[in-house]
Amino acid sequence: MLSQVRRRFGWKIFLTYMIVILVGIVVLATSVEFTIPTAFNRHMAGMSPMMENVTGLGMMGGDIGMDLYTNFRAAVIEALTRAALAALLAAVIASLFVTRQVVAPVRAMMVASQRIAEGHYDERVRVMSDVSKAELDELGQLALSFNQMASRLEHTEEIRRQLIGDVSHELRTPLTTIKGSMEGLMDGVLPAEVETFQFIHAEADRLQRLVEDLQELSQVEAGSYVLDLHPITVSSLVETVTTRLGRQFEEKDVSLEAEIPTELPAVLADEDRIGQVLLNLVGNALQYTPSGGRVSVKAQPKDDQVHITVTDTGIGIPTEHLPNLFTRFYRVDKSRSRAGGGSGIGLTVAKHLVEAHSGQIWAESPGPGQGSTFAFALPVVTSRR
Ligand code: ADP
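Residues numbered from 1 in each chain as written. Predicted model: local features only at pLDDT ≥ 70, side-chain atom pairs only at ≥ 80, totals over all residues. Heavy atoms only, no water.

1. Side note on the pattern of salt bridges
In this structure the tally under the stated criterion is 15 salt bridges. When the shortest N-O distance is used, the salt bridge between R328 and E221 registers 3.1 Å. Of this pair, R328 sits in the loop between β5 (305–312) and α8 (334–339) while E221 sits in helix α5 (residues 194–222); the two residues are 107 residues apart in sequence, bridging distant segments of the chain. A relative accessible area of 34% means that E221 is categorised as partly exposed. A salt bridge links E355 to K351; the shortest N-O distance between them is 3.0 Å. Pair noted here: E355 and K351 are both in helix α9 (residues 346–356), with a separation of four residues, about one helical turn. Where salt bridges share partners, they join E157, R160 and R161 into one cluster. (Salt bridge = Lys/Arg side-chain N within 4 Å of Asp/Glu carboxyl O. Helix = DSSP H or I, 4+ residues; strand = E, 2+ residues; numbered from the N terminus. Buried < 20%, exposed > 50% of the residue type's maximum accessible area, 1.4 Å probe, protein only.)

2. Focus on the side chain of S181
Structurally, S181 is set in helix α4 (residues 138–187). A polar contact of 2.8 Å, which involves the side chain of S181, links it to the backbone oxygen of T177. Apart from the residues within four sequence positions on either side, S181 is in contact with L190, F199 and I200. (Polar contact = N/O pair within 3.5 Å; in protein donor to acceptor, adjacent residues only side chain to side chain. Contact = heavy atoms within 4.5 Å.)

3. Concerning α4
Compared with the 74 Å implied by 1.5 Å per residue over 50 residues, the 71 Å span of α4 between its first and last C-alpha is a close match. Where α4 bends most, the angle comes to about 30 degrees, and this point is R172, followed within four residues by the proline P174. (Expected span 1.5 Å × (residues − 1). Bend = angle between axes of the 7 residues up to and from the residue.)

4. Here we look at α5
Here α5 contains 29 residues, and its C-alpha end-to-end distance of 42 Å stays within 8% of the 42 Å for a straight helix at 1.5 Å per residue. All of the buried residues in α5 are T196, I200, E203, R206, L207, L210, L214, L217 and V220. Positive backbone phi, at 70 degrees, marks G223, one or two positions downstream of α5.

5. Notes on the sheet that holds strand β6 (residues 360–364)
One open sheet holds the five strands; their spatial order is β2-β4-β5-β7-β6, and the pairing between them is mixed. The open sheet terminates on both sides in strands that have one partner only, identified here as β2 (255–259) and β6. Across the sheet, the axes of successive neighbouring strands diverge by a mean angle of 15 degrees, strand direction being ignored. Bridge analysis of β2 against strand β4 (residues 294–302) gives five bridges, and the strand direction is parallel. Bridge pairing in β4 places L256 opposite V295. Along the sheet face, helix α6 (residues 234–252) touches β2, β4 and β5 and points at about 175 degrees away from the line of β2. (Pairing = 2+ DSSP bridges. Axes fitted to C-alpha atoms, helices over the stretch in contact; angles between N-to-C directions.)

6. Considerations on the pairing of β6
Burial of β6 is one-sided: the residues I361 and A363 facing one way are buried, the residues Q360, W362 and E364 facing the other way are not. The pairing of β6 with strand β7 (residues 372–379) spans five bridges and is antiparallel. The residue of β7 that forms the bridge with Q360 is A377.

7. Thoughts on the environment of I64
Along the chain, I64 turns up in helix α3 (residues 62–117). In this structure the C-alpha to C-alpha distance between I64 and S236, which are 172 residues apart in sequence, comes to 113 Å.

8. Some remarks on the environment of E154
Locating E154 in the fold gives a position in helix α4. Given a relative accessible area of 31%, E154 falls into the partly exposed group. Sequence separation of E154 and H120 is 34 residues, and the distance between their C-alpha atoms is 8.7 Å.

Okay, structure coming up:
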């Protein structure tokens, strides 16, 4: 019985009601016990003249008085007993009602959370759909939050599963190549020449880059980094990137131009992180632009932002691929991108970083062979900040 009470919220509510009723009865019975004799005598004394007129008996005899008192006391006790029984019934009905209202949804959430813990992430509890959030009581809001938490868990689990699938797929190709080449070397099918070793080394290098990219991606996706925001000038940012990539542009014979107005307002950004974004966009432009092509970096103010665009005369992007470019591992031409060491993560990381700066990033292209433009917008430094 005690363990039932301990384990069942409904029993606890019933017992609470019982205690309240019991205390009420005890208080009532005690006060009745103490007040009845004096109150009875006082009222009887007040009634004496009336009784005298009616009956002509004068003061009532002691026996009749005693009888009246005993009967009156019995009537009061009977009334009290009936009231106690009625209160008991009310307690049973009220606790059943409260249990239905409180315990049932709590129990539903308990069952749902157990199912989620067992891996059934699609489990939800019932919430009144025709009522707005503000109109729900605390339990309704708890159920709503519970469902939101379950949805997030389901989404995270989905992303995790997808990530594992994507990562294993990405790792498989270079690993198979390395393994195949090593077997070829061991069997003597492949010559033990510098080219063979260079080829294996390049694959291992790609593997290493992929792991580094993944580390970077998991860091930005989890938001486990701190932005060191400062007012920075776009021209210095562009200069750093063009200086870093200048040699590679020369080697590939692609011209690199920068057109940054001097009166451009400063933007509020983490120099390293935004430098990384621009480096990625300009690096991509170089990678996907054949020799003899041109890449230009421009910046212009627009509303409360500065738009930085990287335009190339490269291979371009078919329109249907544009919305997916910022999805991780997405590559328009897998083999081409892979050959260039691309893992399809760079733009995803760039998107996360730009959005962490309260900015936007987008891509445009008139179509294959007609070049592309990648742009991002950053908020300018205002006096309010
Ligand atoms: P990757 O490391 O493969 O370049 P990104 O995330 O940087 O990964 O880019 C995703 C895909 O977007 C690339 O594989 C490529 O197909 C396409 N892409 C990116 N930049 C350009 C560009 N300047 N011109 C054409 N395609 C591009």
